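# A structural walkthrough
As a plain string of letters, each chain reads:
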Amino acid sequence: MSGAFTFVDLFAGIGGFRLALESVGGECVAFSEIAGDAIHAYCENFREPASRNLGDITKLDDLPEHDFMTAGVPCQSWSIAGKNLGFDDDRGQLWNDTLFLLNKARPKAFIFENVKGLADPRNKDALGHILRRIREAGYHAQKYVINAYDYGVPQTRVRIYIIGFRDEAYFRRFRLPQKCPGLVQVGDVLSGLSPAFRGSSTMKPAQSLSCNERGFNDYFLFNDLRGGDTTIHSWDIQQTTERQKRICGLLMRNRRKPRYGPLDGNPLSLAHFKELDESIVQGDLDSLVEIGILKKVPYLYKVVSGGNGASESEAAVLSAANGEFINIDTAKNSRELKKRRIDVPKTLAGLEEKGSIKCVETRYDFKNAKISMGLGGVNRIFLPSSKIYPTLVASDTNDFVSPIHIEAETIGEFRERFLSEVYFPGKFRKITRAEACRIQGFPDDFILPEARPRWMHLIGNSVAVPVIKQLAQAVVDTGVFGGQYKGREMIPAYGCKQELFPEYA
């Protein structure tokens, strides 16, 4: 073996772990992946024969001998974007398979990566189980919640890393690398965005994105559910009357109040609107439905007959009734119905068609009721002064970048200039494949499929390479693989720009 240490790359994806570990002296002896596109990209980029792929780890009894194990265990069970079912979801059981192989192969060290949701209080028991199993296998490990932005990546990407050692002495030597936030910024990695604005932005306390020197956000958010100086609403970009704008504002400001329901955002009935402004009539709401800003929501149903002849799904929804009434939002948020993957609105519609239930209250909500979906296919537009880009995800996002720099004295002027100079002229675009690679720390020429949904799925599912590189170097510096131990005072500030992104240094 020619490397300073050997490693096995589990849940390898397109090889983010491999790029990082090879850059610090590692040699891959085997990898495991089951997704066709990922396998193809991995084999092409690393010139690997498919025979080196171990395949489905659930069918493995052991691994080739190696020093360092890496695994980006599939994260859907813990992700905020998922249903948050943890070990109730079969995918969560892959942790058990991973830990089984750790115990069998006995490598000297390991790094496991997962979404930050695994470290949330709601998953306390699941994370405790994982850490307990690691201890039972005779390993010493610690969890770390790390934002990639703090380690030279121009992206907010918070992940949990579990780093462990077979020998306690090396575990005690391990130290996280020095942070280097803002080392690489959006203007450095996106083509056509002037780097002249580098450093003009600042990070707001407790915020994941940046603002300019006047405190104005470096991005505009498109949604109808929240206010904000740099939030653009449907009534800002559609032809609406002042009265319609006022009614939309009433709904936006009041839909989160507990008096209208238990959720973070609740639809309002005509009676509710009249409580807020007695001049509002049915025609006002209908006009907003007609132009596509509001939608009607069948909200409360009364059970008018028994569940005789009901399907299994229908019976489950009927069982969610509170007395003789079924609230659609309460049913949609039932953990039991989520676990059974029941389409609540469709099931309620079927029950109503059968005459088992009757809608007794209709409410009104914004048609665009998901913040992440944005408006008209646009969620956020980032200006060239932005320090940081949002998390790249497998499903892609409706986020865009603009090359147009805006200067303004007031927030009102800032909004107006954005709409007139950026939004309405269409001077914004999605990031390219090469830019997505740079944001995650892959080389520009990394081979990926041509179709955007396919390459975005692969890049969004990958790890941020510079973060793994620095964590792996910190593991190497403990001397666990036979090299010289670099004490705490000798650990360099990994992530210097020239090392991580030489093309932007």
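What comes next is a walk through the structure. The structure displayed is predicted, hence computed values, not measured ones.

Taken in spatial order, the 4 strands of this open sheet run E10-E9-E14-E15, and their pairing is mixed. Unpaired on one side and paired on the other, strand E10 (231–232) and strand E15 (399–401) mark the two borders of the sheet. In this sheet, E15 lies alongside strand E14 (residues 380–382) in parallel orientation, the contact comprising 3 bridges. Paired with Phe382 across the bridge in E15 is Val401.

With that settled, the discussion passes to the sheet that holds strand E11 (residues 294–303). Sheet architecture is open: 3 strands sit in the order E12-E11-E13, paired in antiparallel fashion. Lying at the two open borders of the sheet, with one neighbouring strand each, are strand E12 (325–327) and strand E13 (357–366). Taken over all neighbouring pairs, the strand axes of this sheet differ in orientation by 30 degrees on average, direction set aside. As defined by bridge partners, E11 adjoins E13 across 9 bridges and the pair is classed as antiparallel.

Counting through the fold element by element, Asp444 comes out in the loop between helix H16 (433–440) and helix H17 (452–460). Distance in space between the C-alpha atoms of Asp444 and Arg433 is 8.1 Å, their sequence separation being 11 residues. In this structure the side chain of Asp444 is engaged in a polar contact, spanning 2.8 Å, whose partner is the side chain of Arg438.

Glancing now at the side chain of Asn327. Assignment of secondary structure puts Asn327 in strand E12. Side-chain polar atoms of Asn327 contact the backbone nitrogen of Asp329, separated by 2.8 Å. A distance of 3.1 Å separates the side chain of Asn327 from the backbone nitrogen of Thr330, its partner in a polar contact. In this view, Asn327 contacts Tyr299 and Leu300; residues no more than four positions away in its chain are not counted.

The next thing to look at is the pattern of salt bridges. Per the counting criterion, the structure on display carries 27 salt bridges. A salt bridge links Arg256 to Asp264; the shortest N-O distance between them is 3.1 Å. Each of Arg18, Glu22, Glu48 and Arg52 takes part in a single network of salt bridges with overlapping partners.

On to the packing of helix H1 (residues 16–23) against helix H18 (residues 465–476), then. Between H1 and H18, whose axes approach to 8 Å, the crossing angle comes to 40 degrees. The orientation of H1 with respect to H18, classified from their angle, is oblique. The hand of the H1/H18 crossing is right-handed. Here H1 contributes Gly16, Phe17, Leu19, Ala20, Leu21 and Ser23 to the contact with H18, which in turn contributes Val465, Ile468, Lys469 and Ala472. For the contact of H1 with H18, the class distribution of residues is 7 nonpolar, 2 polar and 1 charged.

To continue, consider unusual backbone geometry. Residues other than glycine seldom take positive phi values, yet Arg47 does so here, at roughly 50 degrees. Mapped onto the elements, Arg47 comes out in the loop between helix H2 (36–46) and strand E3 (68–71). Non-glycine residue Asp396 carries a positive phi angle of around 70 degrees. Within the secondary structure, Asp396 is located in the loop between E14 and E15. Of the residues examined, Asp396 reaches a relative accessible area of 16% and is grouped as buried.

How each quantity is defined
- Residues numbered from 1 in each chain as written.
- Predicted model: local features only at pLDDT ≥ 70, side-chain atom pairs only at ≥ 80, totals over all residues.
- Heavy atoms only, no water.
- Pairing = 2+ DSSP bridges.
- Helix = DSSP H or I, 4+ residues; strand = E, 2+ residues; numbered from the N terminus.
- Axes fitted to C-alpha atoms, helices over the stretch in contact; angles between N-to-C directions.
- Polar contact = N/O pair within 3.5 Å; in protein donor to acceptor, adjacent residues only side chain to side chain.
- Contact = heavy atoms within 4.5 Å.
- Salt bridge = Lys/Arg side-chain N within 4 Å of Asp/Glu carboxyl O.
- Parallel < 35°, antiparallel > 145°, perpendicular 65-115°, else oblique.
- Left-handed = near helix turned anticlockwise from the far one by under 90°.
- Nonpolar A, V, L, I, M, F, W, Y, C, P; charged D, E, K, R; others polar.
- Buried < 20%, exposed > 50% of the residue type's maximum accessible area, 1.4 Å probe, protein only.

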